[in-house]
Amino acid sequence: MLAKLDQLANRLEELNNLLMQEDVTSNMDNYRKLTREHAELGPLVSLYAAYTQADNDVKTAQEMLSDPDMKAFAQEEIDGARARMEQLEADLQKMLLPKDPNDERNIFLEIRAGTGGDESALFAGDLLRMYTRFAERNRWQVEMVSESSSEVGGYKEVIVRIIGFGAYSKLKFESGGHRVQRVPATETQGRIHTSACTVAIMPEADEVGDVDINPADLRIDTYRASGAGGQHINKTDSAVRITHIPTGIVVECQDDRSQHKNKASALKVLAARIKDVQLRAQQSKEAATRKSLIGSGDRSERIRTYNFPQGRMTDHRINLTLYKLDFIMDGDLEELTNALVAEHQAELLAELGDEL
């Protein structure tokens, strides 16, 4: 591990020199890559410097052990420095874990109503509000991409784009089946109903070109948008439907008045969906060698239950139950997302230990 850290410290020095060159901004793509790498390595190298300093403190204190007057003080210094080294080593191991290249990306969040009819559509609306409030707490932007509203409120299907640094890292474990147990507003007998929604979290591709899409594989249809939008919306074929023939993926977008903007949005969602299919195939292969399914992205798996009568939320993958459902539905997801990330890190550390 120390040899690897030495390499990274040297690389940071190299990056400092590169970023100080006068013509560094002449290639903005390269400049962005360098600054991103610098931002990633900086905290890691600082931790390594603190670890090295603690190691030097131990060596210095050991030299004082032979002096009877200094022995007690020296032993205290050694114990303190070793405790710091232990903590710093654990922190360094976490920071050296393989990074998910998508962690910093924006995401497309897709919620689909499942079993449960109207109640499921209403719950889809509740889930969208929960994630929107969480985005607000993180000062991320939320853009509506596509929506299919239900007659009673909520959504049959809704897609939003969440724009913010690290959005994928915090929400990537939300993909899967979300089950709700509650008494619907329309229920006169006070019976608890169970319904479900499916959530998909897809990292946005940097550019549509990042995903290999052959234009010949696309069928693009335009049609008149339905729903709100004033007189204009009924006069032009502004809505766009794109079908990716090899995979059968269909994306519709009609939220903008401009056909060009709808087409651009639909292509972005299509690229994210294709990327998501590739990611899930890769994760399923990895999950086959793991016990946990946290990162498998399996849509059919029921990952969570929201029980309104008991005010509790249970995440079945990590056996976490929180009795603060009102806060969770209002976007207070920090405790939950942190627990999922911590469990994933523990998995990776265990694998790292097996390899070593």
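Residues numbered from 1 in each chain as written. Predicted model: local features only at pLDDT ≥ 70, side-chain atom pairs only at ≥ 80, totals over all residues. Heavy atoms only, no water.

1. Brief notes about the packing of helix H2 (residues 28-64) against helix H3 (residues 71-95)
Direction vectors running N to C along H2 and H3 enclose 155°, while the axes themselves pass 8 Å from each other. Between H2 and H3, the interaxial angle falls into the category roughly antiparallel. Read as a crossing pair, H2 and H3 show a hand that is left-handed. (Axes fitted to C-alpha atoms, helices over the stretch in contact; angles between N-to-C directions. Helix = DSSP H or I, 4+ residues; strand = E, 2+ residues; numbered from the N terminus. Parallel < 35°, antiparallel > 145°, perpendicular 65-115°, else oblique. Left-handed = near helix turned anticlockwise from the far one by under 90°.)

2. Brief notes about the packing of aromatic side chains
On inspection of all chains with the given rule, the structure shows two aromatic pairs. With centroids separated by 5.4 Å and ring planes inclined at 65°, the aromatic side chains of Phe123 and Tyr306 adopt a geometry described as edge-to-face. Taken together, the residues span a long stretch of sequence, with Phe123 in helix H4 (residues 117-137) and Tyr306 in strand E9 (residues 302-307) at a distance of 183 residues. Measuring from ring centre to ring centre gives 5.8 Å for Phe134 and Trp140, while their planes differ by 85°; the resulting arrangement is edge-to-face. For the pair Phe134 and Trp140, a shared accessibility class is recorded, and that class is buried. Sitting above the plane of the Phe308 ring, Arg182 keeps its charged end 4.9 Å from the centroid. Over the ring of Tyr223 we find Arg241; its NZ or CZ atom is 4.6 Å from the centre of that ring. (Phe/Tyr/Trp six-rings, centres within 6.5 Å; stacked < 30°, edge-to-face > 60°. Buried < 20%, exposed > 50% of the residue type's maximum accessible area, 1.4 Å probe, protein only. Lys NZ or Arg CZ within 6 Å of the ring centre and 35° of its normal.)

3. Details of the nonpolar core
One recurring pattern in soluble globular proteins is that nonpolar side chains are buried together. In terms of nonpolar packing, the biggest core is built from 36 residues, with Leu109, Ile111, Leu127, Tyr131, Ile162 and Tyr306 touching the most fellow members. Every element with two or more residues in this core is listed here: strand E1 (107-113), H4, strand E3 (155-163), helix H5 (167-171), strand E5 (193-203), strand E11 (320-322), helix H7 (325-329) and helix H8 (334-355). Broken down by element, this core gets its largest block of residues, eight residues, from H4. Residues contacting Tyr131, with those up to four places away along its chain left out, are Leu109, Ile111, Leu171, Glu174, His178, Val199, Arg304 and Leu333. Formed by 21 residues, the second largest nonpolar core is a distinct cluster that contains Leu8, Tyr51, Ala54 and Leu92. (Core = buried A, V, L, I, M, F, W, Y, C linked by side-chain atoms within 4.5 Å. Contact = heavy atoms within 4.5 Å.)

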